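# Coordinate inspection notes
Here is how the chains run, residue by residue.
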Amino acid sequence: DTIYATHSYNHNNSEVFNNEYKQTAMTEITGISYSGEGLEILGTIALEGNVKNQYSMDEYDGVLRVVTSTSRIGSYLLGISKDNVNLYCIDLANWGILATVEAFAPDGEEAESVRFDGDYAYVCTAEVVTLTDPVYFFDLSDLNNITWKDTGTIDGYSSSLVDFGSGNLLGIGFNDQRGLKIEIYTETDKAVESICAYEREASFAWDYKAYLIDREDQLVGLCVNDWYTGECDYVVLMFDGYKLVEIAKIPCSGDMNQMRAFEKDGWLYVLSDDFAVKNLW
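First, a word on scope: everything that follows refers to the structure included in this document. As the structure is a prediction and not an experimental result, all values here were calculated from the model.

About the thresholds
Residues numbered from 1 in each chain as written. Predicted model: local features only at pLDDT ≥ 70, side-chain atom pairs only at ≥ 80, totals over all residues. Heavy atoms only, no water. Helix = DSSP H or I, 4+ residues; strand = E, 2+ residues; numbered from the N terminus. Contact = heavy atoms within 4.5 Å. Core = buried A, V, L, I, M, F, W, Y, C linked by side-chain atoms within 4.5 Å. Buried < 20%, exposed > 50% of the residue type's maximum accessible area, 1.4 Å probe, protein only. Pairing = 2+ DSSP bridges. Salt bridge = Lys/Arg side-chain N within 4 Å of Asp/Glu carboxyl O.

Among the secondary structure elements, serine 160 is positioned in strand S14 (residues 157-165). Sequence-distant contacts of serine 160, defined by excluding residues within four places in its chain, comprise Ser113, Arg115, Leu170, Gly171, Ile172, Tyr208 and Tyr211.

Structure follows, in structure tokens:
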């Protein structure tokens with residue numbers, strides 16, 4: 001019953017000496033209730049950094065959790081700049097900050113994808129120029145003692161992160177050649193580790209609604225356009241516990257981000273400019 005509206009702006013510092021910054025990226029978040037007879041402003045808070053999209057914010061048990069990409073610009077003479085990623089937990093009772101984890105990524109990186117799942121959060125950061133990333137797993141069950149683990153630096157980065165069930169995380173994004181990379185991660189006692197990856201030299205749908213994600217049958221599907229053949233196919237992969245196996249490839253046409261697919265009783269239905277049905281098993 002609440003809308004969270006964001007407004008991004010730059011805060012200009014009046015003085016710049018030594019290592020102080022001339023300009024800092026900020027986001028103002030306002031909560032607006034629509035549960036009554038009209039709209040009511042519940043509160044407002046300003047946080048450092050920019051919010052990438054709606055997946056970077058989540059309301060849970062009276063707490064608003066937010067991931068921002070920070071950007072600080074120093075004087076033009078000194079050439080100082082600093083980019084990183086922050087996580088904030090905001091008490092919605094008084095709109096104060098309960099907990100923060102600041103600058104947890106390598107300098108120069110920003111948040112490319114975020115997913116909240118109950119007491120947990122997954123964040124992929126990347127320095128897009130170098131096409132490398134870590135993926136972070138946060139335990140937010142105790143806001144007085146937030147803990148996290150990461151994958152370390154791996155090639156490419158995930159533009160979408162999803163809880164894939166069975167203790168695994170699904171990442172869809174780019175490899176180090178800017179082609180498609182779909183990766184499965186798992187959490188261990190000390191880190192987040194990559195189990196396997198499927199890569200194609202192809203462009204692909206980037207809209208989360210265009211993905212088929214079936215946790216029960218461990219399926220992931222999306223439209224890909226091969227760079228070399230020009231073929232456009234809806235591809236379905238199944239995770240067998242060890243690797244991602246291609247189990248279907250259906251020619252399709254139209255806007256990749258407008259395509260939809262679902263599985264029912266072993267049959268795959270693909271809706272694009274064409275309509276296709278295929279028996280998976």
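Here the focus is the nonpolar core. Among the nonpolar cores identified, the biggest contains 38 residues, and Leu170, Ile172, Ile182, Leu244 and Leu268 are the most heavily contacted of them. Among the elements that make up this core, the one with the highest residue count is strand S21 (residues 232-239) (six residues). Grouped together as the second largest cluster of nonpolar side chains are 18 residues, Val63, Val67, Ala99 and Phe138 included.

Residues of strand S24 (residues 267-271) alternate between two faces, with Leu268 and Val270 buried on one and Trp267, Tyr269 and Leu271 left unburied on the opposite face. One ladder, built from five bridges, connects strand S23 (residues 260-264) with S24; its direction is antiparallel. Bridge pairing links arginine 260 to leucine 271 in S24. Counting the residues between successive antiparallel strands, the hairpin from S23 to S24 contains two residues, one of them, aspartate 265, with a positive phi of roughly 55°. Taken together, the five bridges between S24 and strand S25 (residues 275-279) define a ladder with antiparallel strand orientation. Its bridge partner lying in S25, tryptophan 267 is registered against asparagine 279. Linking S24 to S25, which pair antiparallel, is a turn of three residues.

On to the pattern of salt bridges. It is possible for side chains bearing opposite charge to pair when their charged atoms get close. Counted according to the given criterion, the structure contains seven salt bridges. Residues lysine 52 and glutamate 112 are paired through a salt bridge, measuring 3.8 Å at the closest nitrogen-oxygen approach. Separated by 60 residues along the polypeptide, lysine 52 in the loop between strand S3 (40-48) and strand S4 (57-60) and glutamate 112 in strand S8 (residues 110-117) bring together distant segments of the chain. The buried category is assigned to glutamate 112, whose relative accessible area is 6%. Across the pair glutamate 183 and lysine 181 runs a salt bridge, and its minimum N-O distance is 2.9 Å. Lysine 181 sits in the buried class, given a relative accessible area of 8%.

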